Amino acid sequence: MSNKKLIPCRVCGKLFESCSYCQSHADIFRWRNFACSRECATTYINDTITYRESLKHNKKENSGTIEEAKKTDTETATTKSQRKRKYSKKASVEAVENEIENNETE
């Protein structure tokens, strides 16, 4: 007598004998591989779909904040580059030379 493999249902946890045909054809998704009954399989599939949709919804919300953050970063970078231009090395050297000339003429 061979011992049948018992696996737990993913919904209710009850041990059940999985379908040997379904186990041998693992390339196809079948409810008999993870649930003890059609009711448990329906519950599991509906919960999975709901969870995945919530992930997509959260991802869309987060992408909006990421885009806003990128805009803010771009504005900050633009402001910093404008400041750099304002205090460029060439302008600073000319300002110092002008001050020296003004001091010498006084």
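About the cut-offs
- Residues numbered from 1 in each chain as written.
- Predicted model: local features only at pLDDT ≥ 70, side-chain atom pairs only at ≥ 80, totals over all residues.
- Heavy atoms only, no water.
- Helix = DSSP H or I, 4+ residues; strand = E, 2+ residues; numbered from the N terminus.
- Buried < 20%, exposed > 50% of the residue type's maximum accessible area, 1.4 Å probe, protein only.
- Contact = heavy atoms within 4.5 Å.
- Areas by Shrake-Rupley, 256 points an atom, 1.4 Å probe, with all protein chains shown as cover.
- Core = buried A, V, L, I, M, F, W, Y, C linked by side-chain atoms within 4.5 Å.
- pLDDT = per-residue confidence, 0-100.

Draft legend 1. Structural context of the overall build of the protein. Helix and strand counts for the protein come out as three helices and two strands. Moving toward the C terminus, one meets the helices and strands of the protein in the order β-β-α-α-α. The buried share of the protein, taken over its 106 residues, is 9%. Taking the contacts inside the protein whose residues are at least 6 apart along the sequence as the reference set, 26% of them involve residues at least 24 apart. Here the protein displays about 9500 Å² of accessible surface, and carbon together with sulfur accounts for 52% of that area.

Draft legend 2. View of the nonpolar core. The biggest cluster of nonpolar side chains holds seven residues, and these are Ile7, Cys9, Phe16, Phe34, Ala35, Cys40 and Ala41. Not counting residues up to four positions away in its chain, the partners in contact with Ala35 are Cys9, Phe16, Cys40 and Ala41.

Draft legend 3. Local environment of the confidence of the model for the protein. When pLDDT is averaged along the protein, the result is 75; 66% of the residues meet or exceed 70. Averaged pLDDT values for the elements of the protein fall to 70 in helix H3 (residues 89-105) and rise to 89 in strand E2 (residues 15-17).

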